[in-house]
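The lines below spell out each chain.
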Amino acid sequence: MFNSVTVSEKGKGVVVVGHFKGQGLDRLSKRAAPQAGVAGALKRKEATGDVGRIVEAWINPRSRVIIVGLGEKSACTPQTLRDAAAAVGRRLAASKDDAATLALSGPAAQAGIDAAVAGEAIGEAIGLLSWSCDEFRGSATPKPERTDLAIRSDDRAMTSGMKAGLQIAAGVNLARTLSQTPPNIATPSWMAAQARKLARATGLKARIVEGDELETERMTGLINVGKASENKPCLIRLEYTPKSAKARAAKPLVLVGKTITYDTGGLSLKINNMMVGMKRDKDGGCAVLGAMHTIATLIKPDFPVVGLLAAAENCISDEAYRPDDVIRYRNGVTVEVTNTDAEGRLVLADALIWACEVEKPRAIIDLATLTGGVITALGSTYAGLFCDNDQLRGAVECAAAGSGELVWRLPYSHAEYRDMMKSPVADIVNSNPNRKAHATQGAAFLANFVHKDVPWCHLDIAGVHVAEKNAGMYIDGPTGWGTRLLTHLIRSMNHA
Ligand code: BES
Ligand code: MN
Ligand code: ZN
């Protein structure tokens, strides 16, 4: 929607103020927009005060004030500010304005939201709104014209919060651009090249496990799932190391991302158009890369963070792995493959084993577009959260509330779920052929590859990684879901 968005102290541009339902402007808002016409505009019937409802007051033929509704004061949260800012951003894009002052410090204070937190929410929303990906347009369609937007606020802390919000959005937008990239370009080795590029730009360390090394490291899932494709699988490892020696010695947080660059289902082929959109089966990994970006450029926590992307293409050929195969993992667990379309858990298993054995982590969070079942259960409103460690779950739920990327807890460790994954020929199956608890089955499978004493959280993002409509902060397409939640989480762990 914009060519670029920056925070700039130059030029006021359009002044934007906010009001709560049934209320006029507070003192600070009046100071930002003192003109009589503004109070008059608020009396118009269209000024309902609903979140994101906009009325405009023309001060003279060249300048106007935008008044945005913020809903009920008692219900105003950072998410309300994101929604309102997105509505304002959409209006500014339509009117092709190039500068705006979002003078929302008064309402934020009234709602009890810290100015920096409010600014960050606003920056996130406008930054997310600015995402576009024209790279794959050709000569038959015109490139849409977009303006460069400069934003500021009426409060110093809020303005620096806006800068942070834009930086977080940059991480999310990186994840979205990777998601959008088609599977004939975005192969596992292309993803590795993007990770290397990110590492070079932000000072992260990158390592790729590929080729023969996959064999020596016994990456059973990646080798088998990736066998049928010319685009060879790899494990991508990124590391953020903090500055101080003491912080370096701390145990790392490990972020694991399912990175299936295309999911045909393999020999258990996807039918009835279910394959369309499976270029986005890499979005767990994309979210991890987005988070590594914000970690390296903005959060810079006092403990190491490792990102692990299990990257493979799930394809068919005479070399494909098959239903009935039994495969043996590095930790000794054997798996009977009952369905080659339950491939995500097979590659994640390698990354989880590696995380526990090699990284000695303080905690592991994995993100995966793992099951259609979670879409049935939760729709696009919440991601499925599987975590039986109270402390880690509490922290993830807090980060979800703060970021607006919502999660809902589902179970996985009941003995009946573990029994469901038992195999008559190997230790476990990768999928039980019944129709029960598919999202939970995925988590119950993964639990076999995590050490009991390592806090672990699995997020099934199959319902939330793409937006269906052009509304709010998102246009229809990838949401980069997870980058913001992880950013908020790591910041909270840093302060803990
Ligand atoms: N990548 C899919 C899950 C998915 C479905 C993501 C729809 C996004 C939208 C996953 O690999 C898959 O195929 N899961 C199967 C598992 C089943 C065969 C046990 C599913 O959920 O149907
Ligand atoms: Mn699949
Ligand atoms: Zn998949």
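Details of the structure are given in the entry above.
Now for a quick tour of the structure. (Residues numbered from 1 in each chain as written. Chains lettered and ligands numbered in written order. Predicted model: local features only at pLDDT ≥ 70, side-chain atom pairs only at ≥ 80, totals over all residues. Heavy atoms only, no water.)

## Quick word on the nonpolar core
Counting residues in each nonpolar core, the largest one holds 52 residues, and the members touching the most others are Leu235, Leu308, Val335, Leu346, Ile364, Phe445 and Phe449. For this core, the elements supplying multiple residues, two or more each, are helix 9 (220–226), strand 9 (253–263), strand 10 (305–314), helix 12 (344–359), strand 13 (363–368), helix 13 (372–378), strand 16 (428–429) and helix 16 (438–446). Element by element, the count of residues in this core is highest for helix 12, at ten residues. If we ignore the near neighbours within four places in the chain, the residues touching Phe449 are Tyr329, Asn331, Val333, Val335, Ala349, Leu352, Ile353, Cys356 and Ile428. Core analysis: the second largest hydrophobic core is formed by 49 residues, Ala199, Val305, Ile365 and Leu489 among them. (Core = buried A, V, L, I, M, F, W, Y, C linked by side-chain atoms within 4.5 Å. Buried < 20%, exposed > 50% of the residue type's maximum accessible area, 1.4 Å probe, protein only. Helix = DSSP H or I, 4+ residues; strand = E, 2+ residues; numbered from the N terminus. Contact = heavy atoms within 4.5 Å.)

## Some thoughts on the coordination of the zinc ion (ligand 3)
The zinc ion (ligand 3) binds to the protein through Lys258 (NZ), Asp263 (OD), Asp281 (OD) and Glu343 (OE); the donor distances cover 2.0 to 2.4 Å. Around the zinc ion (ligand 3), the six donor atoms sit at angles spanning 78 to 173 degrees, and that spread fits a shape best called octahedral. Motif for the zinc ion (ligand 3), donor spacing along one chain: K-x4-D-x17-D-x61-E. In this structure, the zinc ion (ligand 3) is positioned 3.2 Å from the manganese ion (ligand 2), and both are ligated by Asp263. Of this pair, Asp263 sits in strand 9 while Asp281 sits in the loop between strand 9 and helix 11 (283–299), and the two are 18 residues apart along the sequence. On the basis of relative accessibility, which here comes to 3%, the residue Asp281 falls in the buried class. (Donors = N, O, S within 2.8 Å, 3.2 Å for Na, K, Ca; no water. Tetrahedral: all angles 85-135°; square planar, octahedral: opposite > 155°, others 65-115°.)

## Some details on the coordination of the manganese ion (ligand 2)
For the manganese ion (ligand 2), the full set of protein donor atoms is Asp263 (OD), Asp341 (O), Asp341 (OD) and Glu343 (OE), and the range of their distances to it is 2.0 to 2.2 Å. In this structure, the manganese ion (ligand 2) is coordinated by six donor atoms arranged in irregular fashion, with angles at the metal of 72 to 170 degrees. Considered as a linear motif, the donors of the manganese ion (ligand 2) on their single chain read D-x77-D-x1-E. Using a relative accessible area of 0% as the deciding quantity, one classes Glu343 as buried.

## A look at the side chain of Asp350
Among the structural elements, Asp350 can be located in helix 12. Within the buried core, Asp350 has no salt-bridge partner, and the shortest N-O distance to an opposite charge, that of Arg330, equals 8.1 Å. Among the polar contacts made by the side chain of Asp350, one reaches the main-chain amide nitrogen of Gly221 at a distance of 2.9 Å. Those residues in contact with Asp350 that sit more than four places away from it in its chain are Arg218, Met219, Thr220, Gly221, Leu222 and Tyr329. (Lys, Arg positive; Asp, Glu negative; His and termini not counted. Salt bridge = Lys/Arg side-chain N within 4 Å of Asp/Glu carboxyl O. Polar contact = N/O pair within 3.5 Å; in protein donor to acceptor, adjacent residues only side chain to side chain.)

## Looking at the packing of helix 7 (residues 188–202) against helix 11
Where helix 7 contacts helix 11, the two axes come as close as 10 Å, and the packing angle between them is 5 degrees. By the angle between their axes, helix 7 is roughly parallel relative to helix 11. Along the contact surface, helix 7 presents Met191, Ala195, Leu198 and Thr202, while helix 11 presents Cys286, Leu289, Met292, His293, Ala296 and Thr297. Of the residues assigned to the contact of helix 7 with helix 11, the class counts are seven nonpolar, three polar and no charged. (Axes fitted to C-alpha atoms, helices over the stretch in contact; angles between N-to-C directions. Parallel < 35°, antiparallel > 145°, perpendicular 65-115°, else oblique. Nonpolar A, V, L, I, M, F, W, Y, C, P; charged D, E, K, R; others polar.)

## Considerations on a nonpolar patch on the surface
A contiguous nonpolar surface patch, about 250 Å² in accessible area, is contributed by Leu267, Leu269 and Ile316. Its place among the elements puts Leu269 in the loop between strand 9 and helix 11. Classification of Leu269 as partly exposed rests on a relative accessible area of 39%. (Patch = residues over 30% accessible without salt bridge, like charges linked within 9 Å, V, L, I, M, F, W, Y side chains within 5 Å. Areas by Shrake-Rupley, 256 points an atom, 1.4 Å probe, with all protein chains shown as cover.)

In short, the description is geometric, and any link to function would need to be established separately.
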